[in-house]
Amino acid sequence: MSALYMIVGTLIALGVLVTFHEFGHFWVARRCGVKVLRFSVGFGMPLLRWYDRQGTEFVIAAIPLGGYVKMLDEREGEVPVDQLDQSFNRKSVRQRIAIVAAGPVANFLLALVFFWGLAMLGTEQVRPVIGSVESGSIAAKAGLSPGQEIVAIDGEPTVGWSAVNLQLIRRLGESGTLQLLVREQGSTADSPRELVLDNWLKGTDEPDPIRSLGIRPWRPALAPVLAELDPKGPAQAAGLKAGDRLLALDGQALTDWQQVVDWVRVRPDTKIVLHVERDGAQIDVPVTLAARGKEKVASGYLGAGVKAVDWPPEMLREVSYGPLAAIGEGARRTWTMSVLTLDSLKKMLFGELSVKNLSGPITIAKVAGASAPAGGPPPPPPPPPPPPRVRTRRRGRQRGGRRPENEAEAPPLRSLVRHAVSIGSPLSRFGAHLPSSA
């Protein structure tokens, strides 16, 4: 079923983005008096085609990885004398520039519309309250402590963990100071904290900004009682069962599921011993953990999960805007994502950020598939500047996905921002989640 969601989500996401991009070229070309021969969504064998009154052929093709608008052009073939004035190459420089730029501009406007809609619909976010701080970490040296809420980073308000993630991503690979405002529990006064960065996560393949600072987000406690097992996972193979309560792991007493997650994550292909309570009796169960991910960044895998719990209402925050205010918020988000993408690409060129954080077709498929069950394709941010080609536009579109914002801990970063930008943006998949499985 997940594969079906991935396929459907990818087709919808690419279909919408490509169609709007190519429609921009098409619409402006028509307004400039250029004859459009074909408007194609997808490549390869046509699955559906029809013609309009002006003779333009509209095509939906078999390979939905891009599209193009083909215009009348003397450089591509002979043009009838009576149609020379409709040829692309006969138009003024300004008109040709307008036609070339129309596709990216259409995507930019679509991003504004999507972000406007998202701002009006609103999101339920988890307040960015610190759960624990690792001893000796960057956060600990700056005086951060459990219970503090991160109110702002570098002057930008942080209403939820997604905003914290976004501000931290902007500083990847940098040296200097990170300015935080924090608020103590029960207080209304904000106090500043200064975190010192030194080539922070420079060149890291899968940076995890929050964890690397030594911060663990607050989350409700999860009892270490197994609720589900992966039929092909190590826990099932070792004989663990749903309902088992984990009392100890390698001799270390367990009171919270997060202890299991943290222990397992850093021990791929390792044998551990779980002390388990089952039906009133206590037994030891040896388990050999599996490994997931690439060799250098592989993490341990137990193949077990616990039952999720509800978040306390006071830890959740509803963020939404009215129709007019949402316009400003949509424009702000679009601008932020555009600047972040360009800055991230610059960092890749200078080696401050690993090129492995550049998204590709596989990432967009995975993210689109993840967003499909949640209700639709991800919102697209703006595209990069147009390339110099002007006659026939053939370009695929890539976008990141929108992930839930009401969760608590960030997994490793694989691309460069949750809303990927048109060329496969940096940071396309960065959500926060409560680890109910290990």
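Residues numbered from 1 in each chain as written. Predicted model: local features only at pLDDT ≥ 70, side-chain atom pairs only at ≥ 80, totals over all residues. Heavy atoms only, no water.

1. Regarding the packing of aromatic side chains
The criterion, for reference: We call Phe, Tyr and Trp rings a pair once their centres come within 6.5 Å, taking the six-membered ring for Trp, and we label the pair stacked below 30 degrees between planes, edge-to-face above 60, and tilted otherwise. Buried, partly exposed and exposed residues are distinguished by accessible area as a fraction of the type maximum, computed with a 1.4 Å probe on protein chains only: under 20%, between the cut-offs, and over 50%, respectively.
Scanning the model with the defined rule gives 7 aromatic pairs in all. Look at tryptophan 50 and phenylalanine 58: their rings are 5.8 Å apart centre to centre, the planes differ by 10°, and that puts the pair in the stacked class. Classification of tryptophan 50 as partly exposed rests on a relative accessible area of 41%. Overall, the relative accessible area of 15% leaves phenylalanine 58 in the buried class.

2. Brief notes about the side chain of glutamate 57
Which entries qualify depends on this criterion: The helix count covers DSSP runs of H or I at least four residues long, the strand count covers runs of E at least two residues long, and both are numbered beginning at the N terminus. Contacts described as polar in this section are N or O atom pairs within 3.5 Å, which, within protein, must combine one atom able to donate a hydrogen with one able to accept it, while residues neighboring in sequence count only if both atoms come from side chains. By the convention used here, residues are in contact when the closest approach between their heavy atoms is within 4.5 Å.
Tracing the backbone through its elements, the reader meets glutamate 57 in strand β2 (residues 57–71). Relative accessible area serves as the criterion here: at 7%, glutamate 57 is assigned to the buried category. Looking at glutamate 57, its side chain comes within polar contact range of the side chain of arginine 38, at 2.9 Å. Filtering out sequence-adjacent residues up to four positions away, glutamate 57 remains in contact with Leu37, Arg38, Phe39, Arg49, Trp50 and Tyr51.

3. Brief notes about helix α7 (residues 257–265)
For the record, the criterion: Arc definition: it is the arc formed by the directions from the helix axis to the C-beta atoms.
For α7, every residue scored as buried is listed here: Trp257, Gln258, Val260, Val261 and Val264. The arc enclosing the buried residues of α7, seen along the axis, measures out at 155°, which places them on a common side. Contact partners of the buried residues in α7: α5 (209–212), β10 (226–229), β11 (245–249), β16 (299–301) and β17 (304–306). The N-cap of α7, judged by a side-chain oxygen 3.0 Å from the amide nitrogen of glutamine 258 a few residues on, is aspartate 256.

4. As for the pairing of β11
Inclusion rule: At least two bridges found by DSSP between two strands is the condition for calling them paired.
With 4 bridges joining them, β11 and strand β13 (residues 271–278) adopt antiparallel strand pairing. For arginine 245, the partnering residue across the bridge sits in β13 and is glutamate 277. The sheet contact formed by β11 and strand β12 (residues 252–253) spans 2 bridges and is antiparallel. Bridge pairing links leucine 249 to glutamine 252 in β12. The hairpin turn running from β11 into β12, its antiparallel successor, is 2 residues long, and aspartate 250 in that turn takes a positive phi close to 50°.

5. A few points about the nonpolar core
Rules: Here the nonpolar core consists of buried residues drawn from Ala, Val, Leu, Ile, Met, Phe, Trp, Tyr and Cys, with membership extended through side-chain atoms lying within 4.5 Å.
Within the largest apolar cluster, 33 residues are counted, with the highest numbers of intra-cluster contacts made by Leu144, Ile150, Leu168, Leu178, Leu213 and Ile215. Listing elements by their share of this core, those giving two or more residues are α2 (93–121), β5 (149–153), α4 (161–169), β7 (176–183), β8 (190–197) and α8 (323–349). Ranked by residues supplied to this core, first place goes to α4 with 5 residues. With near-sequence residues (within four places) excluded, leucine 178 lies in contact with Ile153, Asp154, Leu168, Arg171, Arg193, Glu194, Leu195, Leu197 and Leu213. Core analysis: the next-biggest nonpolar cluster, separate from the first, contains 22 residues, Leu226, Leu249, Leu289 and Leu302 among them.

6. Overview of a nonpolar patch on the surface
The cut-off we apply is this: Patches in this entry comprise residues that are over 30% relatively accessible and not in a salt bridge; like charges within 9 Å are linked, as are nonpolar side chains (Val, Leu, Ile, Met, Phe, Trp, Tyr) within 5 Å. Per-residue and other accessible areas follow the Shrake-Rupley method at a 1.4 Å probe size, with only the shown protein chains counted as cover for residues. Definition used for salt bridges: Asp or Glu carboxyl oxygen within 4 Å of a side-chain nitrogen of Lys or Arg.
Taken together, the side chains of Met45, Leu47, Leu48, Trp50 and Ile60 present a nonpolar region at the surface, about 520 Å² in accessible area. Per-element accounting of the nonpolar patch gives the leading share, 4 residues, to strand β1 (residues 36–51). Mapped onto the fold, methionine 45 is located in strand β1.

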